[in-house]
Amino acid sequence: MLLLGIETSCDETAAAVVKDGRQVLSSIVASQDQLHLPYGGVVPEIACRAHLTAILPVIRRALEEARVRVEDLDGVAVVHTPGLVGALLIGVTAAKTLAWLRDLPILGVNHLHAHVYAAALEREAPLFPCVSLVASGGHTSLFRSRSPIEHETLGATLDDAAGEAFDKAASILGLGYPGGPNIDRVARAGNPHAIAFPRTRLGPDSLDFSFSGIKTAVLYHCRGQNPRTPRPPLTGQEIADVAASFQEAVVDTLVEKLLEAVRRVGASRIAVGGGVAANSRLRERLADAARRRRLEVVLPPIRYCMDNAAMVAGIAWPLYTAGRVSDLTLDACPTERRDKRLTA
Ligand code: KG4
Ligand code: ZN
């Protein structure tokens, strides 16, 4: 079964063709990083305009690279929640138009569940059931994932997402947008124990996250608490130390909560997705936990950690086979629905 996936929830315009939920025939991503760079974050208005320009060429390229004609497709899948509403609408409208013109089934996909599914792409062995963590620019969520399309939320961020904290810390350090990859690179020359940044635990039973405190701690450390007597600019080594110490604190929190979720659920397999899953220190720590606790940790290749449409066309296959097909009333929904267990 050949499915086309479309993703426009934030600042990447992406389309992909995936066969039978696993075999990626093409995955095209048009990044808007350069457009948002001067603002240090995603500007929704700019994102929407860029999606409008990119969406048709990106879909065309995905079909061309897969050597698939529109007539060969068995369905169109699109991320319709959560995300920037204007940005989501562009992907949803493109998918609905194609579905209507070619009389194709349309599948509405939850962006976070697609990030979990990224770990199942190009993988022969089963991935589900597992405990999964999605850490991205907009979300930090822990799930008990019973199947590719059944995800029970165990914890989520109460304020900033992990990726957002990386982006803000990078901006304070003058490292530019997107901050995650820059902090990751600069941290390699730093001492992760130089500064004791806070690890917010929110109580012994909580599997939720909070990253706003560490962002403020980085700001005060770098600028001082009194704006009238600002600190002198940090040296290169000090920047590396702040980056490494910040990264270590965020990674500590993510790994600790993930392992606690694994213990509570009694899981033996973990899947991690979202842009922050590309972080080299997080990947190192997870590999270490896997060895020591005899867990199977499944991390997608970096290209499927970041926003992409292969994960969307991929998860559409189990949705389709479960009969969870949408129709032309499918709408963009900026926040997740109340029933967080189900994908569409
Ligand atoms: O999943 P994603 O591409 O988009 C969203 O759904 O938000 O995640 C983007 C986020 C950004 O905040 C970016 O800074 C972060 O992922 N990120 C990283 C790394 N690469 C990307 N964070 C830490 N380390 C990285 N290597
Ligand atoms: Zn994402």
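Higher on the page you've got the structure.
Keep in mind it's a predicted model, so treat the numbers as computed, not measured.

Visitor: Explain the coordination of the zinc ion (ligand 2) here, please?
Guide: Six octahedrally arranged donors around a metal ideally form angles of 90 or 180 degrees; four tetrahedrally arranged donors ideally form angles of 109.5 degrees. Each protein donor to the zinc ion (ligand 2) is listed here as His111 (NE2), His115 (NE2) and Asp307 (OD); together their distances run 2.0 to 2.1 Å. Here the zinc ion (ligand 2) binds 4 donor atoms, and the angle range of 95 to 146° at the metal identifies the geometry as irregular.

Visitor: Quick question: what am I supposed to make of the pairing of strand 4 (residues 75-81) here?
Guide: One face of the sheet, then the other: side chains in a regular strand alternate in exactly this way. Within strand 4, 7 of the 7 residues are buried, which leaves it mostly tucked inside the rest of the structure. Relative to strand 4, strand 1 (residues 2-7) is paired through 4 bridges, and the arrangement is parallel. Bridging across to strand 4, Gly5 finds its partner in Ala77. Relative to strand 5 (residues 106-110), strand 4 runs parallel, the two sharing 5 bridges.

Visitor: Sorry, what's going on with the packing of aromatic side chains here?
Guide: Aromatic ring pairs are defined here through the distance separating the ring centres and the angle between the ring planes. Counted according to the given criterion, the structure contains 2 aromatic pairs. Ring geometry for Phe166 against Phe246: centres 5.1 Å apart, planes inclined by 80°, an arrangement best described as edge-to-face. Taken together, the residues span a long stretch of sequence, with Phe166 in helix 5 (residues 162-172) and Phe246 in helix 8 (residues 236-265) at a distance of 80 residues. On the basis of an interplanar angle of 15° and a centroid distance of 6.0 Å, the ring pair of Phe209 and Phe211 is categorised as stacked. As far as the burial class goes, Phe209 and Phe211 line up, both buried.

Visitor: How should I be thinking about the pattern of salt bridges in this particular structure?
Guide: Two side chains with opposite charge may pair up if their charged atoms get near one another. Applying the stated criterion to the full structure yields 22 salt bridges. A salt bridge links Glu65 to Arg61, with the nearest nitrogen and oxygen atoms 3.2 Å apart. Residue Glu65 and its partner Arg61 are located together in helix 2 (residues 44-66), separated by 4 residues, close to a single helical turn. On the basis of relative accessible area, Glu65 is assigned to the partly exposed category, the value being 45%. A salt bridge links Asp160 to Lys215; the nearest nitrogen and oxygen atoms lie 2.9 Å apart. Of the two residues, Asp160 sits in the loop between strand 8 (150-156) and helix 5 while Lys215 sits in helix 7 (residues 212-223), which places them 55 residues apart along the sequence. Salt bridges linked by common partners bring Arg199, Glu248, Asp252, Arg281, Glu284 and Arg285 together as one network.

Visitor: For this particular structure, what's the right way to read helix 2?
Guide: Side chains that are three or four residues apart share a direction in an α-helix, a result of its 3.6 residues per turn. For helix 2, spanning 23 residues, the distance from its first C-alpha to its last is 30 Å, which sits close to the expected 33 Å at 1.5 Å a residue. At Ala54, helix 2 shows its largest kink, close to 40°, and the proline Pro57 lies no more than four residues downstream. Just downstream of helix 2, Arg67 is the residue with a positive phi angle, here 55°.

Visitor: Can you help me understand the site of ligand 1 in this one?
Guide: Within the structure, ligand 1 sits among 20 residues, and Gly137, Asp167, Gly180, Asp184 and Gly275 are positioned closest to it. Here an oxygen atom of ligand 1 sits 2.8 Å away from a polar atom, N or O, in the main chain of Gly137. At 3.0 Å from a nitrogen atom of ligand 1 is found a side-chain nitrogen or oxygen belonging to Asn279. Contact with the protein chains covers 92% of the free accessible surface of ligand 1, which is 550 Å². Contributing elements (two or more residues each) for the shell around ligand 1: helix 4 (111-117), helix 5 and helix 6 (179-187). Ranked by residue count, the leading element in the shell around ligand 1 is helix 6, at 4 residues. Tallied by class, the residues present in the shell around ligand 1 amount to 6 nonpolar, 11 polar and 3 charged.

Visitor: Just to check I follow, could you spell out a nonpolar patch on the surface for this structure?
Guide: A cluster of nonpolar side chains, Trp100, Leu101 and Leu328, forms an exposed patch at the surface whose accessible area comes to about 380 Å². One can find Trp100 in helix 3 (residues 85-102).

Visitor: I'm lost on the nonpolar core in this one. Help?
Guide: Generally speaking, nonpolar side chains in soluble globular proteins are found buried as a group. Counting residues in hydrophobic clusters, the biggest one holds 65 residues, and the most contacted among them are Leu4, Ile6, Ile59, Leu63, Val109, Leu121 and Leu127. Residues from two domains meet in this core; each of domain 1 (2-118 + 304-321) and domain 2 (126-300) gives at least three. Those residues in contact with Leu121, other than ones at most four positions away along the chain, are Val18, Gly21, Arg22, Val24, Tyr304, Ala310, Met311 and Gly314. Within the second largest apolar cluster, 49 residues are counted, among which are Ala169, Leu175, Ala187 and Cys305.

Visitor: So what exactly am I meant to see when it comes to the packing of helix 7 against helix 8 here?
Guide: Between two packed helices, what matters for the description is the angle formed by their axes and the separation of those axes. The interhelical angle for the contact between helix 7 and helix 8, taken along N-to-C directions, is 165°, at an axis separation of 11 Å. Looking at the two axes, helix 7 sits roughly antiparallel to helix 8. Between helix 7 and helix 8 the crossing geometry is right-handed. Contacts between helix 7 and helix 8 involve Ile214, Val218, His221 and Cys222 from the former and Val242, Phe246, Ala249 and Val250 from the latter. Split by residue class, the contact of helix 7 with helix 8 holds 7 nonpolar, 1 polar and no charged.

The rules behind these values
Residues numbered from 1 in each chain as written. Chains lettered and ligands numbered in written order. Predicted model: local features only at pLDDT ≥ 70, side-chain atom pairs only at ≥ 80, totals over all residues. Heavy atoms only, no water. Donors = N, O, S within 2.8 Å, 3.2 Å for Na, K, Ca; no water. Tetrahedral: all angles 85-135°; square planar, octahedral: opposite > 155°, others 65-115°. Buried < 20%, exposed > 50% of the residue type's maximum accessible area, 1.4 Å probe, protein only. Helix = DSSP H or I, 4+ residues; strand = E, 2+ residues; numbered from the N terminus. Pairing = 2+ DSSP bridges. Phe/Tyr/Trp six-rings, centres within 6.5 Å; stacked < 30°, edge-to-face > 60°. Salt bridge = Lys/Arg side-chain N within 4 Å of Asp/Glu carboxyl O. Expected span 1.5 Å × (residues − 1). Bend = angle between axes of the 7 residues up to and from the residue. Near = heavy atom within 4 Å. Polar contact = N/O pair within 3.5 Å; in protein donor to acceptor, adjacent residues only side chain to side chain. Areas by Shrake-Rupley, 256 points an atom, 1.4 Å probe, with all protein chains shown as cover. Nonpolar A, V, L, I, M, F, W, Y, C, P; charged D, E, K, R; others polar. Patch = residues over 30% accessible without salt bridge, like charges linked within 9 Å, V, L, I, M, F, W, Y side chains within 5 Å. Core = buried A, V, L, I, M, F, W, Y, C linked by side-chain atoms within 4.5 Å. Domains from an automatic or database assignment. Contact = heavy atoms within 4.5 Å. Axes fitted to C-alpha atoms, helices over the stretch in contact; angles between N-to-C directions. Parallel < 35°, antiparallel > 145°, perpendicular 65-115°, else oblique. Left-handed = near helix turned anticlockwise from the far one by under 90°.

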